[in-house]
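A look at the structure
So you can see what is in the structure, the chains are spelled out below.
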Amino acid sequence: MKSTPKSRDHHHENQDRIEKLDRKLAELGVRIKDEDSRKVTDEVFDEVTLLALYKLVNKKIITSLGGSISTGKEANVFSASKKNETGEEIGAAVKIYRLRTGNFTTMSDYIIGDPRFSNIRRTHKDIIFAWTKKEYSNLSRTREAGIPCPEPYAFDRNILIMQFLGEGIIPYPQMRQLLPKTPEETYEDAIGIIRDLYQKARLVHGDLSEYNILTGPNGLIVIDMAQAVTPEHPKAYNFLFRDIKNINRFFAPKCKTIDEHELFRTIVGEEFFEI
Ligand SMILES: Nc1ncnc2c1ncn2[C@@H]1O[C@H](COP(=O)(O)OP(=O)(O)OP(=O)(O)O)[C@@H](O)[C@H]1O
Ligand SMILES: [Mg+2]
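Bear in mind the structure is a predicted one, so any value in this text is a computation, not a measurement. (Residues numbered from 1 in each chain as written. Chains lettered and ligands numbered in written order. Predicted model: local features only at pLDDT ≥ 70, side-chain atom pairs only at ≥ 80, totals over all residues. Heavy atoms only, no water.)

Brief notes about the sheet that holds strand β5 (residues 159–163)
Across a sheet, strands are paired by hydrogen bonds formed along the backbone, either parallel or antiparallel in direction. The sheet built from 5 strands is open, its strands ordered β1-β2-β3-β5-β4 with antiparallel pairing. One side of each edge strand has no neighbouring strand; the edge strands of this open sheet are β1 (64–71) and β4 (152–156). Between one strand axis and the next, the sheet turns by 25° as a mean value, whatever way the strands run. Where helix α3 (residues 47–58) meets the sheet, it contacts β1, β3 (89–97), β4 and β5, and its direction lies at approximately 40° from that of β5. Taken strand by strand, helix α5 (residues 124–144) contacts β3, β4 and β5, and its axis lies near 165° from that of β4. (Pairing = 2+ DSSP bridges. Helix = DSSP H or I, 4+ residues; strand = E, 2+ residues; numbered from the N terminus. Axes fitted to C-alpha atoms, helices over the stretch in contact; angles between N-to-C directions. Contact = heavy atoms within 4.5 Å.)

Below is the structure:
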């Protein structure tokens, strides 16, 4: 009986695939240095993602992709460069939602119930694409309301391109690492973000914390907005109350905080009842 060297074939196919991927990434300006980043790269840059990246490079929305800034639960953030209107190279941030390891049950919760996204198909990929688009629209809406957040430049499938928030190639620190002002003043500014998001942008962040607020030279900047919902979302008040509690939890050891029910009342104009 002839034995088929299946595992060997597989090994070769895999090698070929990796080499091809490496070449394509090199064309985009990405270098893979070690085994560790190889694993990450393999997980992030599947074929769909690479194709979307290509489109963004061809359309000259980005000119190259740089190093990794962050590896989160659902997404990877990379630095990148792009040309501005006058042709100068400027920094950009590229957030790639992983198609393989997306935490998409929670995503569905936020998307279903948001009237802006009620008629999307509900396969795994579709939900992640809608999620990416939702972050883009939430960032635009936040900026239109005059609240500091990264300017969104473009999105394609699971990739979001936005303004790079940092000094040179170093991203601004998260609020947990550095407060821009005294704790009292920073607390007031953080509560101001929740209030302005609700009252001016008509959005509830839904994952607000000392990790999702950066400290820039002019004060606090809110990021990570894919999960943000409009006040019509059935859980909007619960998300808002949770955001307030998170900010209070972070500031409680640092300064005097205001009761969370009172804050909710001031922001919304109604009492909060747990449902
Ligand atoms: N526009 C940006 N400019 C500079 N750094 C950024 C930018 N966006 C994100 N970062 C950095 O990457 C980190 C992760 O970004 P973000 O919070 O958006 O993703 P995440 O928490 O991984 O997302 P998720 O929780 O949805 O998986 C941020 O804390 C910040 O340090
Ligand atoms: Mg985050």
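A look at the pairing of β5
Counting buried positions over the 5 residues of β5 gives 4, a clear majority of the element. In terms of strand pairing, β3 meets β5 through 5 bridges, oriented antiparallel. The residue bridging I96 from the neighbouring strand is I159, located in β5. Taken together, the 4 bridges between β4 and β5 define a ladder with antiparallel strand orientation. Within β5, the position partnered with F155 by the bridge is L160. The turn joining β4 and β5, which pair antiparallel and follow one another in sequence, is formed by 2 residues; a positive phi near 50° is taken by R157. (Buried < 20%, exposed > 50% of the residue type's maximum accessible area, 1.4 Å probe, protein only.)

Digging into the site of ligand 1
In the vicinity of ligand 1, 20 residues are found, and the nearest of them are K95, Q163, L165, Q174 and D224. For ligand 1, a nitrogen atom lies 2.9 Å from a polar atom in the backbone of Q163. Within the side chain of Q174, one N or O atom sits 2.5 Å away from an oxygen atom of ligand 1. In the complex, the protein chains occlude 92% of the 620 Å² of accessible area that ligand 1 would expose alone. Of all the secondary-structure elements, those providing two or more residues to the shell around ligand 1 are β1, β2 (75–83), β3 and β5. Looking at the shell around ligand 1 residue by residue, the classes come out as 11 nonpolar, 5 polar and 4 charged. Counting contributing residues, the shell around ligand 1 receives three or more from each of domain 1 (38–167) and domain 2 (172–268). (Near = heavy atom within 4 Å. Polar contact = N/O pair within 3.5 Å; in protein donor to acceptor, adjacent residues only side chain to side chain. Areas by Shrake-Rupley, 256 points an atom, 1.4 Å probe, with all protein chains shown as cover. Nonpolar A, V, L, I, M, F, W, Y, C, P; charged D, E, K, R; others polar. Domains from an automatic or database assignment.)

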